[in-house]
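Examination of the molecular architecture
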Amino acid sequence: MIVVSDTSPICYLVLVGEIELLPQLFKEIVIPQAVYNELTSTSAPAILQNWSEEIPKWLLINDVDPVQDQQLNRLDLGEKEAIILAEKLKAGLIIIDEKAARKIAIDRGLKVTGLLGVLEIAIKQDLIDIKTAIEKLQKTSFRASPQLIQSLLDRYN
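Described below are features of the structure shown in this document.

Rules used in this analysis
- Residues numbered from 1 in each chain as written.
- Predicted model: local features only at pLDDT ≥ 70, side-chain atom pairs only at ≥ 80, totals over all residues.
- Heavy atoms only, no water.
- Helix = DSSP H or I, 4+ residues; strand = E, 2+ residues; numbered from the N terminus.
- Contact = heavy atoms within 4.5 Å.
- Salt bridge = Lys/Arg side-chain N within 4 Å of Asp/Glu carboxyl O.
- Phe/Tyr/Trp six-rings, centres within 6.5 Å; stacked < 30°, edge-to-face > 60°.
- Buried < 20%, exposed > 50% of the residue type's maximum accessible area, 1.4 Å probe, protein only.
- Axes fitted to C-alpha atoms, helices over the stretch in contact; angles between N-to-C directions.
- Parallel < 35°, antiparallel > 145°, perpendicular 65-115°, else oblique.
- Left-handed = near helix turned anticlockwise from the far one by under 90°.
- Nonpolar A, V, L, I, M, F, W, Y, C, P; charged D, E, K, R; others polar.

Describing the side chain of Ser-5
Along the polypeptide, Ser-5 turns up in strand β1 (residues 3-5). When near neighbours in sequence (up to four residues on either side) are disregarded, Ser-5 contacts Ile-10, Ile-29, Val-30, Ile-31, Pro-32, Val-35, Ala-82 and Ile-95.

Below you can see the structure in the form of structure tokens.
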């Protein structure tokens, strides 16, 4: 299955020390050039910049041809290119967190999950402890509704 990711899921997995979940769960992740640019930006957290100095073999970077699409133009470039790439590759899954981008991706027929969905898949495969993962995530700037996080904790504690 082809899996495309936006920037934030990769960023937060690096920040909480769980980036290896992606190849364990999906083998390869495809990102557009714009996402790579965001990961390597000088405005990215230092830990992410250090990680992205040597991109792992399981992270594939694809160029995306510009598309004029008013619906997508409301999104940031990484989200826009991730959706375009997922459509182009007929991806089985797109990992994207931003609410508006998720809605557009779903409306366009893409199967969508976010960072918490990736963590849930990892929990089901006994790859991580949910409580520890959530505690680490809450020490970052990641934002999700308290109800969503509590629901996840309640299901697996």
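Having put the structure on the table, let's press on.
Some remarks on the pattern of salt bridges
Any two side chains of opposite charge can pair if their charged atoms end up close together. Counted by the stated rule, this structure contains six salt bridges. Between Arg-108 and Asp-69 there is a salt bridge; the shortest N-O distance is 3.0 Å. With Arg-108 in the loop between α6 (99-107) and β5 (112-113) and Asp-69 in the loop between β3 (59-62) and α5 (77-89), this residue pair connects regions lying 39 residues apart in the sequence. Its salt-bridge partner being Lys-131, residue Glu-135 comes within 3.9 Å of it at the nearest N-O pair. Of the two residues, Glu-135 and Lys-131 are both situated in helix α8 (residues 130-138); the distance of four residues between them amounts to about one turn of the helix. Through salt bridges with shared partners, a single network forms among Asp-69, Glu-87 and Arg-108.

A few points about the packing of aromatic side chains
Following the criterion strictly, the structure yields two aromatic pairs and no others. Here Trp-51 and Trp-58 contribute two aromatic rings whose centre-to-centre distance is 6.3 Å and whose plane-to-plane angle is 45°, an arrangement assigned as tilted. Residues Trp-51 and Trp-58 agree in their burial class; the two are buried.

Focus on the side chain of Glu-79
In this structure, Glu-79 sits in helix α5. If sequence neighbours within four positions are ignored, Glu-79 has contacts with Asp-6, Ile-96, Glu-98 and Ala-101.

So, the packing of helix α7 (residues 115-124) against α8
In a packed pair of helices, the relevant descriptors are the angle between the two axes and the axis-to-axis distance. Packing of α7 against α8 brings their axes to within 10 Å, and their N-to-C directions diverge by 155°. Compared by their axis directions, α7 and α8 come out roughly antiparallel. Read as a crossing pair, α7 and α8 show a hand that is right-handed. Each of Leu-115, Leu-116, Leu-119 and Ile-123 in α7 lies in contact with α8, whose residues at this interface are Ile-130, Ile-134 and Leu-137. Partitioned by chemical class, the residues of the contact of α7 with α8 number seven nonpolar, no polar and no charged.

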